[in-house]
Amino acid sequence: MRDRRRRDWTVVIPVKPAELGKSRLEIPGVDRVALARAIALDTIEAAAQVARVVVVTSDPTIDAPGIEVVVEPAPRGIATAVADGLATIPRDRRAVLLGDLPGLQPEDLAQALELARETRLGAVPDEERHGTTLITAREGDLPEAFGPDSWRRHLAAGFLELPVPSWSTLRRDVDRADHLVGALGPRTSAVLGRVS
Ligand SMILES: Nc1nc2c(ncn2[C@@H]2O[C@H](COP(=O)(O)OP(=O)(O)OP(=O)(O)O)[C@@H](O)[C@H]2O)c(=O)[nH]1
Ligand SMILES: C[C@H](OP(=O)(O)O)C(=O)O
């Protein structure tokens, strides 16, 4: 029962083609394209353990068992990708998760989705509280505002902060090399030559 209740959320994850993704993540000796792909797949596979997952991408290598893929003809920006994904799912219990959380623990997403039942629009900031990693809508519109300084803009748009702990892995997005700390998913660890 508990598992069924969790999976009644649908999570849209937009993912740029790996060739273009994670452009700020140059690490000497590491294949950036492989790293970008691994980061996205670790995020997707963790999310798929606790929710229905719809990935929007134009990259055929971004796929995993049990997920649905909305094929983008070409990357046209995050807003268009999110809109394409949201258009394919029912208008209740839906969320958008960014695809750059390679240390995501499924339980942390499950906890946030449980908290999201208490508010119409919920959101989780990244550790620096500049960006946003997850937005949720219990029902109705989901007015995303991803992009630079998105946390401030999501709050202004009426999203309420979901009270996840400060140490939640949902808050640990990876944009720069110094963000690659702590436990990481198996694919990202393998590309970096670390033990997961
Ligand atoms: N499908 C799709 N996803 C996108 C697009 N633009 C951004 N994203 C995704 O949205 C999330 C946040 O994107 P960004 O921070 O802009 O890009 P990034 O690849 O993570 O990192 P940078 O290249 O360093 O900016 C990531 O999951 C991206 O893959 C797009 O045009 N199409
Ligand atoms: C898109 C952006 O994410 P970042 O560039 O930090 O991945 C955001 O937080 O809205």
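This text follows the structure it describes.
Residues numbered from 1 in each chain as written. Chains lettered and ligands numbered in written order. Predicted model: local features only at pLDDT ≥ 70, side-chain atom pairs only at ≥ 80, totals over all residues. Heavy atoms only, no water.

(A) Here's a closer look at the environment of Thr 57. Within the secondary structure, Thr 57 sits in strand β2 (residues 52–57). Polar contacts involving the side chain of Thr 57 include one to the main-chain carbonyl oxygen of Val 15, which spans 2.8 Å. Engagement of the side chain of Thr 57 in a polar contact is seen with the backbone nitrogen of Asp 59, the distance being 3.1 Å. (Helix = DSSP H or I, 4+ residues; strand = E, 2+ residues; numbered from the N terminus. Polar contact = N/O pair within 3.5 Å; in protein donor to acceptor, adjacent residues only side chain to side chain.)

(B) Quick look at the site of ligand 2. Ligand 2 sits among Arg 24, Leu 98, Asp 100, Gly 131, Thr 132, Phe 146, Gly 147, Ser 150, Asp 173 and Asp 175. Side-chain polar atom of Arg 24 to an oxygen atom of ligand 2: 3.1 Å apart, as the coordinates give it. Here Gly 147 contributes a backbone N or O atom positioned 2.9 Å from an oxygen atom of ligand 2. Coverage of ligand 2 by the protein chains reaches 82% of its 290 Å² of free accessible surface. Broken down by class, the residue content of the shell around ligand 2 amounts to two nonpolar, four polar and four charged. (Near = heavy atom within 4 Å. Areas by Shrake-Rupley, 256 points an atom, 1.4 Å probe, with all protein chains shown as cover. Nonpolar A, V, L, I, M, F, W, Y, C, P; charged D, E, K, R; others polar.)

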